[in-house]
Amino acid sequence: MPEIKLEHVTKRWGKFYAVDDLDLVIKNNSFVTLLGPSGCGKTTILRMIAGLETPTCGRITIGDQVVFDSDLGINVPPNKRKVGFLFQNYALWPNMTVYDNIAFGLSNVKDTLPKVDFEAKNAARLAQILKTPGEVVKILEDCRDKTGKLDEKRAYIKLIDAFTLSIYTAKKLFAYHLESGKDPAADIAALERKVAAARKSQTLDDQFRVLQNGQPVLEKRKLTKEEIDLSVRRVSRIVKIGMFMDRYPAELSGGQQQRVAIARTLAPEPSVLFMDEPLSNLDAKLRLEMRYELQRLHVETGSTFVYVTHDQMEAMTLATQICLVNNGVLQQYEAPLTVYNKPSNLFVADFVGNPSINFVEATGAQAADGTIPLTLLGGRKAVFRPASPVSLPDWFRARNEDIARREAEHQKNAAQKSYVEKSNKDETFRYHIAKVEEEDDSLRDDPVLTDTDLVLGIRPEFLDIADSSTLEGEIYGAMPTGMESTIKVRVGEFLLTGVIFGSSLFTIGAKVPLSVSGDNIMLFDRQSGRCIAFGSLRF
């Protein structure tokens, strides 16, 4: 499977930047989810790679083929990019059977393909199968109904799946009626003579491709009925819909229709499979089942999957890499657990995780021993100890240099005639502080911030009820789910969310000692929103 590379890809409409200077590499056989809030540009990214949307500028490469380059004027059409696209709407033809829906795209394929002697190929395959008649008889005997009559339709499906045949070859195999005890020796001899005659009249390789001067003969042609049927049966086995081939979409459940749509997309053997929120029309239980199916499908096909979703749970459970986008700008591109445990900024920390992360505003400066004494939660004292050594003065200096470099680069670009100012400006993420009495953040003036203004990020699973602690809270709300409980704890005017494992019962209003465990507490710079360090917090 090919690698996909995006270099400085931008898409804008007027002054609105849907995707802003994106650099991205999607490795072979990876499962990448494009994640972000509605309108962040993830579907636009997908459509640009597929060729359904033309970038304003940049370069896109799929494998060793440049499919788009604004400088060179290259823009390969979608049908030449060998990619499959699965939409949110399944778009199945209601007047066609499942088989015809899957085969529809294949019947229109016309490409340079090897010339194959299918008669000789099928004859050789039948001869091979007939040499083990016991296997065939066993399959056929399993297809008898209660009265002992052989179910012909079921037998075809069983033979197709057992021996990887087309329906046409399966019918020929069934016609030998091996279940009657017939000796297939004469039939085998006749089939082998047919194969020998074919090989005598032309040069064939092991796959029965016609050779000339040792090379397969190529011809511009459509797929034969045999090839189409083999492809349809292959993908129907993968998504387990072989028994529904004669049904119409209206006779299928939502999950079954989804499987048909996936099979139709896989049938042409695309090098990359794009999916745009394909599970959003399904109920919660079915969505969970289909996630497992997509995982299995990714492993079995060995394809590269690029999947768009705004559901962070889907992204976390399915992906090998998460590409998190906001306002058209790439925020973080790493493995799911890295994005969860080591977010690069406040937006990433907030968007990934359920229940949501606790943000706590704090002030403090670094002490001589490397720890950072903090004042937080209405005047309470705590100490943040970085897991790895960090110098806050050096970090702030590097931040300022990076901001200055970006501003200089912006001014340089703005001086060019072709430059268009971005109307959807990038701003530091406005995080939410949960309080008992909620305030309208939009009415507050932006505070004047210094390098002493920080933000802590505490995942709910790190908030514990301790045996004893200097930090005390009050149970404000509790939601037990069996193996765990999600609680809201009031500390002064602030509310903190915690996940307590076990089947404990909590009394609203009860006073509890609190502690913050682990060394993966996040420390963010309040001015830029960037993550400074990870460490432990002690009250």
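Keep in mind that what you see is a predicted model, and the values were worked out from it rather than measured. Each chain carries its own residue numbering, running from 1 in the written order of its sequence. In view of the model being predicted, local features appear only for residues whose pLDDT reaches at least 70, and side-chain atom pairs are presented and counted only at 80 or more, with totals across whole chains, interfaces and linings using the full set of residues. As a rule here, side-chain values cover all heavy atoms of the structure and leave hydrogens and water aside.

### Some thoughts on the overall build of the chain
Selection criterion: Runs of E in the DSSP output that reach at least two residues are strands. Runs of H or I that reach at least four are helices, and both are numbered from the N terminus. Buried, partly exposed and exposed residues are distinguished by accessible area as a fraction of the type maximum, computed with a 1.4 Å probe on protein chains only: under 20%, between the cut-offs, and over 50%, respectively. Two residues qualify as a contact provided that any one of their heavy atoms is within 4.5 Å of a heavy atom in the partner residue. His is not counted here, nor are the chain ends, while Lys and Arg score as positive and Asp and Glu score as negative. Charge positions come from single atoms, namely NZ of Lys, CZ of Arg, CG of Asp or CD of Glu.
The helix and strand tally for the chain stands at 14 helices and 26 strands. Oriented by its inertia axes, the alpha-carbon framework of the chain measures out at about 95 × 65 × 45 Å. The buried share of the chain, reckoned over its 539 residues, is 45%. Within the chain, contacts between residues at least 6 apart in sequence are counted, and of these 67% link residues at least 24 apart. Both charge centroids of the chain, one from 68 positive and one from 71 negative side chains, sit 7 Å from each other.

### A short note on the side chain of serine 236
Topologically, serine 236 is positioned in helix H8 (residues 225-239). The exposure class of serine 236 is buried, given its relative accessible area of 3%. Sequence-distant contacts of serine 236, defined by excluding residues within four places in its chain, comprise Ile241, Gly242 and Met245.

### Structural notes on the pattern of salt bridges
The cut-off we apply is this: One speaks of a salt bridge when a side-chain nitrogen belonging to Lys or Arg is within 4 Å of a carboxyl oxygen belonging to Asp or Glu.
This structure, assessed with the given rule, holds 32 salt bridges. With a closest N to O distance of 3.4 Å, glutamate 219 and arginine 221 form a salt bridge. Glutamate 300 is the partner of arginine 296 in a salt bridge, and the nearest nitrogen-oxygen pair spans 2.9 Å. You can see arginine 296 and its partner glutamate 300 sitting in helix H10 (residues 284-301), 4 residues apart, about one turn around the helix. Within the structure, one salt-bridge network assembled from shared partners comprises Asp402, Arg405, Arg406, Glu409 and Arg530.

### Overview of the nonpolar core
Quick note on the threshold: Among the buried residues, those of types Ala, Val, Leu, Ile, Met, Phe, Trp, Tyr and Cys that are joined through side-chain atoms within 4.5 Å form a nonpolar core.
The biggest cluster of nonpolar side chains holds 44 residues, and the ones touching the most others in it are Phe359, Leu374, Phe384, Leu456 and Leu537. Not counting chain neighbours up to four residues away, the residues in contact with leucine 456 comprise Asn358, Phe359, Val360, Leu374, Leu376, Phe384, Ile521, Met522, Leu523 and Leu537.

### Some words on unusual backbone geometry
Excluding glycine, residues mostly have negative phi values, and the peptide bonds linking residues are mostly trans. Cis geometry is adopted by the peptide bond preceding proline 355, which originates at asparagine 354 and carries an omega value of 5°. Within the element layout of this structure, proline 355 appears in the loop between helix H13 (346-351) and strand E16 (358-364).

### Brief notes about the sheet that holds strand E5 (residues 65-69)
Rules: In short, DSSP must find at least two bridges between two strands for them to pair. Each axis is a line fitted through C-alpha atoms, and for a helix only the stretch in contact is used; angles between axes span 0 to 180 degrees, taken between their N-to-C directions.
Read from one edge of the open sheet, 5 strands run E2-E1-E4-E5-E6, paired in antiparallel fashion. Unpaired on one side and paired on the other, strand E2 (16-26) and strand E6 (74-75) mark the two borders of the sheet. Sheet analysis places strand E4 (residues 57-62) next to E5, joined by 4 bridges and oriented antiparallel. Opposite arginine 59, over in E5, you have aspartate 69 as the bridge partner. Where helix H1 (residues 42-50) meets the sheet, its contacts fall on strand E1 (4-13), E2 and E4, and the angle it forms with E1 comes to roughly 120°.

### Considerations on the UniProt feature "domain: ABC transporter" (unreviewed entry) in the chain
Formally: UniProt positions are given in the numbering used here, feature names are shortened, and annotations may be inferred rather than shown by experiment.
Mapped onto the present numbering, the UniProt feature "domain: ABC transporter" (unreviewed entry) falls at residues 4-352. Here residues 4-352 runs as 41% helix and 23% strand, with 25 Å between its end C-alpha atoms.

### A look at helix H6 (residues 167-175)
Put simply, the rule reads: Each direction from the helix axis to a C-beta atom contributes to the arc, which is the arc of those directions.
Residues of H6 that are buried include every one of Ile167, Thr169, Ala170, Leu173 and Phe174, and no others. Buried residues in H6, looked at end-on, bunch into an arc of 160°, giving them a common side. Next to the buried residues of H6 lie helix H3 (118-130), helix H4 (133-141), helix H5 (152-163) and H8. Positive phi appears at histidine 177, one or two residues downstream of H6, with a value of about 50°.

### Describing the pairing of strand E23 (residues 494-501)
In terms of burial, E23 is largely enclosed, as 7 of its 8 residues are buried. Bridging between strand E22 (residues 484-491) and E23 involves 8 bridges; their strand directions are antiparallel. Counted as the bridge partner of serine 485 is isoleucine 500 from E23. As consecutive antiparallel partners, E22 and E23 are separated by 2 residues, and within that stretch glycine 492 has a phi angle of approximately 65°, a positive value.

### Some details on helix H14 (residues 392-414)
Counted only if it meets this: Given the number of residues in a helix, its expected span is that number minus one, multiplied by 1.5 Å.
Taking 1.5 Å of rise per residue, the 23 residues of H14 would be expected to cover 33 Å, and the 33 Å separating its terminal C-alpha atoms lies within 8% of that figure. Listed in full, the buried residues belonging to H14 are Leu392, Trp395, Phe396, Arg399 and Asp402. On its buried face, H14 is in contact with strand E17 (372-376), strand E19 (453-458), strand E25 (521-525) and strand E26 (531-538).

### Remarks on the sheet that holds E25
Strand order in the closed barrel made by the 6 strands is E16-E17-E18-E26-E25-E19, with antiparallel pairing throughout. When the angles between neighbouring strand axes are averaged without regard to direction, this sheet yields 45°. Sheet analysis places E25 next to E26, joined by 4 bridges and oriented antiparallel. Note that in E26 the partner of phenylalanine 524 across the bridge is cysteine 531. The sheet contacts of H14 involve E17, E19, E25 and E26, and relative to E26 the element is tilted by about 155°.

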